[in-house]
Every structure is written in C-alpha cells, then in structure tokens.
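What follows is each chain in one-letter form.
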Amino acid sequence: MQEEVPMADIDSTRFRVAGVRTTQEVKTALQSLYDVFADQGMGQATFEVTDGAEAADLWVKHKADVVPDREVIRKALASAGDFRLLDD
C-alpha cells in the first residue's frame with residue numbers, strides 16, 4: 001500500500017496589474033513570473049482579464065507560509081513589458 005503524502009496548505013494572493021489586456025500580453029507576463037517563481041516559493045499563476053477594466057487580476061498560488069514578494073513580482077513584470085503592479 002502506498003503511503004499518503006500530506007498536501008501543503010495552499011493560499012492565493014491577488015495582485016492588480018495594469019497593461020495586461022491581450023492573450024499575448026498574458027503569455028508574456030506569465031513567462032516573466034515563472035522565471036522567478038521557483039526561487040520565491042510560489043507556484044501557479046493566472047490572469048483574469050475583463051474587457052474595459054483598468055487592470056487585470058493576477059492570482060498567484062503559493063504555500064500558506066510564503067508571502068509573495070511584491071517587489072520581485074513588480075520587477076519581473078516590468079522586465080517583460082509595460083506591465084505595472086497597482087496598489088490595492
């Protein structure tokens with residue numbers, strides 16, 4: 001019988017990001033994040049883009065004991081294009 005491995009508690013954090021509107025911009029922004037996520041203890045991410053909205057919602061999944069670093073995310077997004085984290 002295979003031993004069950006406990007799953008870590010997972011949380012999600014939302015960031016508001018200006019400049020992400022198209023499918024290509026989503027891909028570009030996500031790639032910049034994936035390049036730094038492993039080093040930061042973060043996992044999956046997704047954008048929710050709404051037509052006409054000021055900004056897209058970026059949802060980042062991470063272990064419950066990890067606090068996503070806004071500055072790391074800001075730098076990664078800025079390096080990929082005209083993507084800006086907004087204050088909540």
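For the structure itself, look to the data block above.
The present account deals with the structure reproduced in this document. (Residues numbered from 1 in each chain as written. Predicted model: local features only at pLDDT ≥ 70, side-chain atom pairs only at ≥ 80, totals over all residues. Heavy atoms only, no water.)

Moving on: the nonpolar core. Core analysis: the largest hydrophobic core is formed by 19 residues, its most contacted members being Val-17, Val-20, Leu-33, Phe-47, Leu-58, Ile-73 and Leu-77. When contributions to this core are tallied by element, the ones reaching two or more residues are strand E1 (10-18), helix H1 (23-40), strand E2 (42-48), strand E3 (56-63) and helix H2 (70-80). (Core = buried A, V, L, I, M, F, W, Y, C linked by side-chain atoms within 4.5 Å. Buried < 20%, exposed > 50% of the residue type's maximum accessible area, 1.4 Å probe, protein only. Helix = DSSP H or I, 4+ residues; strand = E, 2+ residues; numbered from the N terminus.)

So, on to H2. The set of residues buried in H2 consists of Ile-73, Ala-76 and Leu-77. All buried residues of H2 lie within an arc of 95° about the axis, which places them on one face of the element. Each element contacted by the buried residues of H2 is listed here: E1, H1, E2, E3 and strand E4 (84-86). The N-cap residue of H2 is Asp-69: its side-chain oxygen and the backbone nitrogen of Glu-71 are 2.9 Å apart. (Arc of directions from axis to C-beta. Contact = heavy atoms within 4.5 Å. Polar contact = N/O pair within 3.5 Å; in protein donor to acceptor, adjacent residues only side chain to side chain.)

Okay, the side chain of His-62 next. With respect to the element layout, His-62 can be found in strand E3. At 2.6 Å, the side chain of His-62 and the side chain of Thr-13 are in polar contact. His-62 has contacts with Asp-9, Ile-10, Asp-11, Ser-12, Thr-13, Gly-41, Met-42, Gly-43 and Pro-68, leaving out every residue within four places of it along the chain.

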